[in-house]
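Coordinate inspection notes
Here is what each chain is made of, one letter per residue.
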Amino acid sequence: MQDVDMWHRAVGEARLRIADYAARTPVVLSDPLSGQLGHPVWFKCEQFQPMGAFKIRGAANALVALRDCGQLLGAVTYSTGNHGLAVACVAQKLGIPAIICISRHVPDNKVAALRARGAEIVIDGESQDDAHVRAEQLAQERDFALIEPFDDPDVIAGQGTIAAEILEQVPDVAQVVVPVSGGGLAAGVGVELKAQRPDVHVVGVSMEGGAVMYESLKRGFPVQMPESPTLADSLQGGIGLDNRWTMQMVGEFVDEMILVSETEISQAMGFLAVEEGIVVEGAAAVTAAWLRRGEALSGPAVAILTGRNVDGTVVASLMAEYTGTRLQHNPIP
Ligand SMILES: *Cc1c(COP(=O)(O)O)cnc(C)c1O
């Protein structure tokens, strides 16, 4: 059992710490989804954050907390992309060096963006786990702070600031839909919602292939799973076999876990771009994919759109595909 009030205070402190680094992102109403579901559906637009994803919140909270204790020589992390970008961005603003360890499989557009942020990039190993080991070594060698991507109280509290904003922006919210990978986002958002409004229904969504948190919760202990290719590449990776915080918190504060297929994710990305003028990566579109099924009963609902770091050619082809399918079903006379 977590001390919900303690977490609520930590989220309040995080809001003050991250104010100079992260944006208070807007919420926008979705006309098509509100019409389909019969209650208002809002998007919480974290894709507009600096570096294009909500990860800036957790990274800023963790780094500024360490800076305020006077313990910060530099930052090192391991990441499939967005967390690494966020650490690099905040480190640059704080004037300290950053080292990012990534596996060979991180897409080229993300590697280029990391380099552009002045971070030192170490490409090593086949998986996030290999990159993790390397990051721990480097943190030891150089006496830098290792900033965990999700399983850390300051990172979780930083991500929880999204929920505090949602409660101000949509005060009558009844359901919040959140993508789940390592679970830092879902843990922070879940605990802050339960602290302030325990009646809000919290839904976590992952992709069908490699939903590690989903499987771990089902079995009752952290599992490892092979990675399979997915449009939701930011949701890939394990939860850590020695998971300390997020698995227990997601189990306690997320009411329902949903898996969506690759087809649903690609259609949701096309839908968001064509119908809503919103370009997001697959990891963000899983929330819209779930809502598009029409099974989300409680409303008003808020879907967190977590990031926009996706190759433009991918979005372009999904838009063309979506438009083609729509024309088949509703031919122009
Ligand atoms: C990291 C990330 C997620 C998942 O967050 P977790 O805290 O790992 O569950 C979702 N969407 C995007 C775009 C991300 O970068």
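Up top you'll find the structure we're talking about.
Scope of this entry: the structure provided in the associated data block. (Residues numbered from 1 in each chain as written. Predicted model: local features only at pLDDT ≥ 70, side-chain atom pairs only at ≥ 80, totals over all residues. Heavy atoms only, no water.)

**Some points on the pattern of salt bridges**
- Per the counting criterion, the structure on display carries 15 salt bridges.
- Put simply, E126 and R104 hold a salt bridge, and the shortest N to O gap is 3.1 Å. Here E126, found in the loop between β5 (120-123) and α6 (128-142), pairs with R104, found in the loop between β4 (98-102) and α5 (108-116); they are 22 residues apart in sequence, far enough to count as distant.
- Take R104: its relative accessible area is 51%, and that puts it in the exposed class.
- Each of K44, E46, R57 and E165 takes part in salt bridges that share partners, so that together they form one network. (Salt bridge = Lys/Arg side-chain N within 4 Å of Asp/Glu carboxyl O. Helix = DSSP H or I, 4+ residues; strand = E, 2+ residues; numbered from the N terminus. Buried < 20%, exposed > 50% of the residue type's maximum accessible area, 1.4 Å probe, protein only.)

**Description of the packing of aromatic side chains**
- Using the criterion set out here, one finds two aromatic pairs in the structure.
- Residues W7 and W245 carry aromatic rings whose centres are separated by 5.9 Å and whose planes lie at 80° to one another, so their mutual orientation is edge-to-face. Within this pair, whereas W7 is found in helix α1 (residues 4-18), its partner W245 is found in the loop between α9 (212-219) and α10 (246-253), the two being separated by 238 residues in sequence.
- Take W7: its relative accessible area is 3%, and that puts it in the buried class.
- Aromatic side chains F271 and Y322 sit 6.4 Å apart centroid to centroid with 65° between the ring planes, which places their arrangement in the edge-to-face category. Placement of F271 in helix α11 (residues 262-276) and of Y322 in helix α13 (residues 312-329) is noted, with a sequence separation of 51 residues between them. Comparing F271 with Y322, the two get one shared label, buried. (Phe/Tyr/Trp six-rings, centres within 6.5 Å; stacked < 30°, edge-to-face > 60°.)

**Let's talk about the packing of α1 against helix α8 (residues 184-196)**
- Packing of α1 against α8 brings their axes to within 9 Å, and their N-to-C directions diverge by 110°. When the interaxial angle is binned, α1 and α8 end up roughly perpendicular. Crossing of α1 over α8 shows left-handed handedness. Judged by residue contacts, V4, W7, H8 and V11 of α1 engage V191, E192, K194, A195 and Q196 from α8.
- In the contact of α1 with α8, the residues fall into five nonpolar, two polar and two charged. (Axes fitted to C-alpha atoms, helices over the stretch in contact; angles between N-to-C directions. Parallel < 35°, antiparallel > 145°, perpendicular 65-115°, else oblique. Left-handed = near helix turned anticlockwise from the far one by under 90°. Contact = heavy atoms within 4.5 Å. Nonpolar A, V, L, I, M, F, W, Y, C, P; charged D, E, K, R; others polar.)

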